[in-house]
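# Coordinate inspection notes
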Amino acid sequence: MDGLSDYAVVAKDLGVKYDLRLQRRRTLRHTLAQIAAGDGSATLGRSEFWALQGVTFALRRGEVLGVVGMNGSGKSTLLQVIAGVFPPDAGALTTFGRDATLLTLGTGFDPELTGRENIYLGAAYLGFSRLKIESEVDAIIEFSELGQFIEAPVVTYSSGMRARLGFSVAVHLEPQILLLDEILGVGDAGFQRKSQEKLLELTDRAEALVLVSHSDRLISRMATRVLWLDGGRVRRYGETDEVLKEYLERSYDRLDQHQPEIGRGPGMAEPVSAQEITITRVFDAPRELVWRAWTEPEQLVAWWGSRGWTALLETITMDVRPGGTFRVTNVYKDGIEVPQEGVYREVAEPERLVMEGPHGVSAVTYTDLGDGRTEMVLHATIQITDEMRGATEAALASSFDRLAEQLASRLESSRHK
Amino acid sequence: MTATQADPAVAGPFDLLAPPKRSLLRDAWGEVRATARYSHLLRLLVSSSLRTENSNTVFGFFWWVLDPLLQMMVYVIFIGVILGRAGPDYPIFILTAIISWELLVKATQGSAAATLRKERAMRQVAFPKTILPLSQVIGAAAHFMFAFGVLLVVAVPFGIYPSAYALLVLPIALVQVTLTTGIALFISALNVFFRDTGKIITYVFRMGFYLSPVLYPVTVVPDRFRPIYDLNPFVTLFDAYRAIVMEHSLPDLSSLGIVAGGSIVVLALGYLFFVRLQTSFAKLV
């Protein structure tokens with residue numbers, strides 16, 4: 001029989017419930033309106049939502065658990081409950097007294113304080129004693145490459161410096177159980193390489209690792225077990241190769257539920273709410289050219305995804321007709337891969353293109369302005385968190401900037417011919 | 001085949017795993033123990049908030065002195081000079097109450113802001129969240145003790161010299177801090193869910209300021225209102241502070257005892273309220 005000391009994380013019928021009546025950004029007016037309407041839960045449809053239900057798994061020491069599933073399947077919630085951010089609402093979970101920490105950048109930082117002071121503060125939030133922090137502080141400062149800036153307030157830092165400091169704190173305080181929501185890559189190319197190495201070193205040293213990722217390559221490389229979550233329940237749990245194979249097959253089979261998403265960030269909180277995003281752009285290019293940029297793989301790779309990301313031509317499938325498949329994988333530098341999938345709902349060349357996926361629907365209309373210019377309106381109704389909204393809009397804007405450049409250079413080259 | 005049942009991969013010591021017994025009191029006790037474990041974080045939060053709050057101002061720490069004095073001057077000019085009804089020691093009379101009232105307002109508003117500002121940390125890290133309001137209350141209490149020292153100095157030109165009775169500020173302030181912590185816990189938990197809370201309390205405090213004997217002595221309140229009026233714990237607290245500073249006498253111990261008992265009840269209820277809601281802090285959309 002296995003001794004208990006062989007196990008790092010054990011969960012049995014684990015459940016986490018969200019009370020939909022309690023929502024942030026809820027104002028009194030909103031609540032009063034609901035009460036006036038007769039029932040607080042009526043406007044929401046239901047008053048509770050199980051983000052996780054009946055989740056059972058046992059992770060031994062030295063193992064790496066890969067967690068896969070679509071957005072909203074409960075992956076982040078699972079990390080939160082293992083980290084002890086909230087207790088389970090059903091079932092049981094134990095880490096046998098070991099600390100489990102989610103690797104995050106700059107949690108608890110106070111921008112008014114200096115970098116050095118923030119090292120202490122950030123580490124204290126993670127529950128590390130002063131002694132432990134003091135023994136690591138020099139190594140943290142050195143790793144961050146901040147030099148004398150460590151004595152300057154963090155508010156004066158660039159975002160890259162902040163990320164470097166946050167990363168350095170996070171990786172030097174080695175938790176016994178490490179929780180990772182995507183592999184983080186920060187800073188310039190040199191620091192990225194260094195941080196990836198440090199991260200791998202950290203995963204080696206942790207007693208167990210739980211890794212959430214959208215990259216099946218990363219999961220298959222690192223995980224010893226895979227937990228596939230689907231709608232908050234365990235769809236499959238077992239050996240990496242078996243589960244991953246089935247997960248990928250199923251993902252490709254059910255394209256109806258997939259949708260392109262441009263530049264997703266890690267750490268999404270769930271559940272999500274419907275968000276409407278509308279972006280209007282006028283391009284100095286004929287409509288036919290804009291249409292082709294959206295519907296031909298060779299054109300799409302030149303601009304798809306925000307700056308810094310690269311769409312891989314060999315991963316693209318574009319069956320541009322109603323019900324047809326859309327599939328592309330975006331790569332960030334040489335680290336993170338984000339596969340995107342969707343299905344075309346409406347294809348009206350060259351006026352309108354509608355794509356649908358797990359988050360909702362994106363409709364793009366192209367209007368010929370008659371003077372050689374084209375107005376493009378993207379209207380998306382997607383299920384994301386409020387927090388992700390800004391990031392999504394920024395990613396779309398960045399991608400459309402690249403589209404504008406691409407169109408300009410295409411026109412330029414055609415004029416020269 | 002359901003994967004979790006038949007899959008040999010899911011072998012594990014599940015039989016040994018019983019759902020933990022949870023109750024509000026158990027959770028509250030767990031929170032207390034966690035707070036002790038995280039006392040290092042509490043200390044850092046207090047010291048960093050005390051250091052950063054005036055760090056961008058020209059006068060910096062002088063604001064610790066200036067704040068209560070300027071407030072006092074505004075009311076002295078308004079009531080003493082314009083309305084012309086104030087005795088010679090009126091500035092000290094109101095300053096005593098103003099610094100005590102500031103402790104309540106600063107602690108509560110700071111706590112309400114703290115639970116909103118640290119949203120991200122609350123979602124990502126498992127730390128005892130009561131530390132956020134506690135650090136604000138401790139910071140405000142430190143301000144108060146400092147301002148009390150200023151009060152004793154400022155009182156000298158008015159012919160009021162410090163006496164040994166001034167040391168009684170410690171037990172009296174302890175009663176007030178107990179009460180204030182309970183209120184701050186309640187307000188800061190509520191503010192996570194209803195952002196209006198922060199706005200509403202601004203007006204509640206403003207009304208409370210005039211309904212409490214800050215600018216006037218209790219004796220101006222008509223006798224028939226006194227039974228209700230005296231339910232305000234600040235009637236007793238201001239009275240106690242004024243007794244030890246201005247009258248060099250013991251405060252009314254029986255009413256202070258009642259307020260102390262009530263404050264402990266408020267603290268307990270505020271703590272339980274916060275602990276009950278805090279598991280939902282990280283689950284908000």
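Predicted, not measured: the structure shown is a model, and the values here were computed from it.

Broken down by element type, chain B carries 12 helices and zero strands. Moving toward the C terminus, one meets the helices and strands of chain B in the order α-α-α-α-α-α-α-α-α-α-α-α. Going through the 285 residues of chain B one by one, you find that 36% of them count as buried. In chain B, the proportion of contacts linking residues at least 24 apart, taken out of those at least 6 apart, comes to 78%.

This part covers the overall build of chain A. Within chain A one finds 11 helices and 17 strands. Looking at the 417 residues of chain A, the share that counts as buried comes to 40%. When contacts within chain A are restricted to residue pairs at least 6 apart in sequence, long-range pairs at least 24 apart make up 68% of them.

For the bond from Glu-349 of chain A to Pro-350 of chain A, the omega torsion is -5°, close enough to zero to count as cis. For Asp-13 of chain A, which is not a glycine, the phi torsion comes out positive at approximately 50°. Counting through the fold element by element, Asp-13 of chain A comes out in strand β1 (residues 7-19). Taking the C-beta count within 10 Å as the criterion, Asp-13 of chain A has 17 such neighbours and is therefore assigned partly exposed. With a phi angle near 50°, His-248 of chain B is a residue other than glycine that sits in the positive phi range. Within the secondary structure, His-248 of chain B sits in the loop between α11 (233-247) and α12 (253-281).

Attention now goes to the nonpolar core. All names here are of chain A. In this structure, Val-67, Ile-82, Ala-123, Leu-179, Leu-211 and Leu-227 are the most contacted members of the largest nonpolar core, which totals 138 residues. Setting aside residues no more than four positions away along its own chain, Ala-123 makes contact with Phe-128, Ile-133, Val-169 and Leu-173. Among the nonpolar cores identified, the runner-up in size contains 14 residues, and Ala-293, Trp-303, Leu-403 and Leu-407 belong to it.

This next bit is on the packing of helix α2 (residues 24-37) of chain B against α12 of chain B. Residues and elements named next belong to chain B. Where α2 contacts α12, the axes come no closer than 9 Å and their chain directions differ by 95°. One finds that α2 runs roughly perpendicular with respect to α12. Along the contact surface, α2 presents Leu-24, Asp-27, Ala-28 and Glu-31, while α12 presents Tyr-271, Leu-272, Val-275 and Arg-276. Residue composition of the contact of α2 with α12, by class: five nonpolar, no polar and three charged.

Summarising the element assignment, Val-81 of chain B is placed in helix α4 (residues 62-82). In the structure, Val-81 of chain B is positioned 115 residues away from Asp-196 of chain B in sequence and 37 Å away in space, judged by C-alpha atoms.

The next subject is the sheet that holds β1 of chain A. Residues and elements named next belong to chain A. Taken together, three strands build an open sheet; the order of strands is β2-β1-β4 and the sheet is antiparallel. Each edge of the sheet is formed by a strand with only one pairing partner; in this case those strands are β2 (48-60) and β4 (90-94). Sheet twist, expressed as the mean angle between neighbouring strand axes with direction ignored, is 20°. Where β1 and β2 come together, nine bridges link them in antiparallel fashion. Paired with Tyr-7 across the strands is Arg-60, a residue of β2.

Attention now moves to the pairing of strand β15 (residues 352-357) of chain A. All names here are of chain A. Taken together, the six bridges between β15 and strand β16 (residues 360-368) define a ladder with antiparallel strand orientation. Bridging across to β16, Gly-357 finds its partner in Gly-360. The hairpin formed by β15 and β16 contains two residues between the paired strands.

Quick look at the environment of Ser-195 of chain A now. As for its position among the elements, Ser-195 of chain A is in helix α6 (residues 189-205). A C-alpha to C-alpha distance of 20 Å links Ser-195 of chain A and His-214 of chain A, two positions 19 residues apart in sequence.

For helix α3 (residues 115-125) of chain A, the tally of buried residues reaches 10 of 11 residues, placing the bulk of the element in the interior. Taken residue by residue, α3 of chain A has Gly-115, Glu-117, Asn-118, Ile-119, Tyr-120, Leu-121, Gly-122, Ala-123, Ala-124 and Tyr-125 of chain A as its buried positions. Contacts made by the buried residues of α3 of chain A are with α4 (130-144) and α5 (159-172) of chain A together with α3 (39-52) and α6 (119-124) of chain B. One or two steps after α3 of chain A, the chain reaches Gly-127 of chain A, where phi turns positive at roughly 90°.

A word on the confidence of the model for chain B. Residue and element names in this part refer to chain B. Looking at chain B as a whole, the pLDDT averages 89, with 94% of positions reaching at least 70. Confidence drops under pLDDT 50 across residues 1-8; counting only partners more than four residues distant or on other chains, this segment forms 11 contacts. Scored by ipTM, the complex comes to 0.82, with pTM at 0.73.

On to helix α9 (residues 287-295) of chain A, then. Listed in full, the buried residues belonging to α9 of chain A are Arg-287, Val-290, Trp-291 and Ala-293 of chain A. Taken end-on, α9 of chain A shows its buried residues confined to a sector of 155°, consistent with a single buried face.

Below, the discussion takes up the sheet that holds strand β3 (residues 64-68) of chain A. Residues and elements named next belong to chain A. Here we have six strands laid out as an open sheet, ordered β5-β6-β7-β3-β8-β9, and mixed in their pairing. Only two strands of the sheet have a single neighbouring strand rather than two, namely β5 (100-102) and β9 (233-239). With strand direction ignored, the average angle separating the axes of adjacent strands in the sheet is 20°. Alignment of β3 against strand β7 (residues 208-212), held across four bridges, turns out to be parallel. Looking at the pairing, Val-67 lines up with Val-212 of β7.

Rules behind the numbers
- Sequence order as written defines residue numbering, which begins from 1 separately in each chain.
- Lettering of chains starts at A and numbering of ligands starts at 1, both following the order in which they are written.
- This being a predicted model, a pLDDT of at least 70 is required before a residue's local features are given, and a value of 80 or more before pairs of side-chain atoms are given or counted; all residues contribute to the totals for chains, interfaces and linings.
- Per the convention used, a helix needs a DSSP run of H or I reaching at least four residues, while a strand needs a run of E reaching at least two, with both numbered from the N terminus.
- To sort residues by burial, count the other C-beta atoms lying within 10 Å of each one's C-beta; a count of 20 or more means buried, 12 or fewer means exposed, and anything in between means partly exposed. C-beta atoms are built from the backbone.
- Two residues qualify as a contact pair if the distance between their C-beta atoms, derived from the backbone, is within 7 Å.
- What we call a nonpolar core is a set of buried Ala, Val, Leu, Ile, Met, Phe, Trp, Tyr and Cys residues whose membership is set by joining through C-beta atoms within 7 Å.
- Each axis is a line fitted through C-alpha atoms, taken for helices only over the stretch in contact, and angles between the N-to-C directions span 0 to 180 degrees.
- Geometric relationships in this document are graded by angle, where less than 35 degrees denotes roughly parallel, more than 145 denotes roughly antiparallel, 65 to 115 denotes roughly perpendicular, and other angles denote oblique.
- Only Asp, Glu, Lys and Arg are considered charged in this grouping, and only Ala, Val, Leu, Ile, Met, Phe, Trp, Tyr, Cys and Pro are considered nonpolar; every other residue, Gly among them, is considered polar.
- One requirement defines pairing of two strands: DSSP has to find at least two bridges between them.
- pLDDT runs from 0 to 100 and stands for how confident the predictor is about each residue.
- What the arc covers is the set of directions going from the helix axis to the C-beta atoms.

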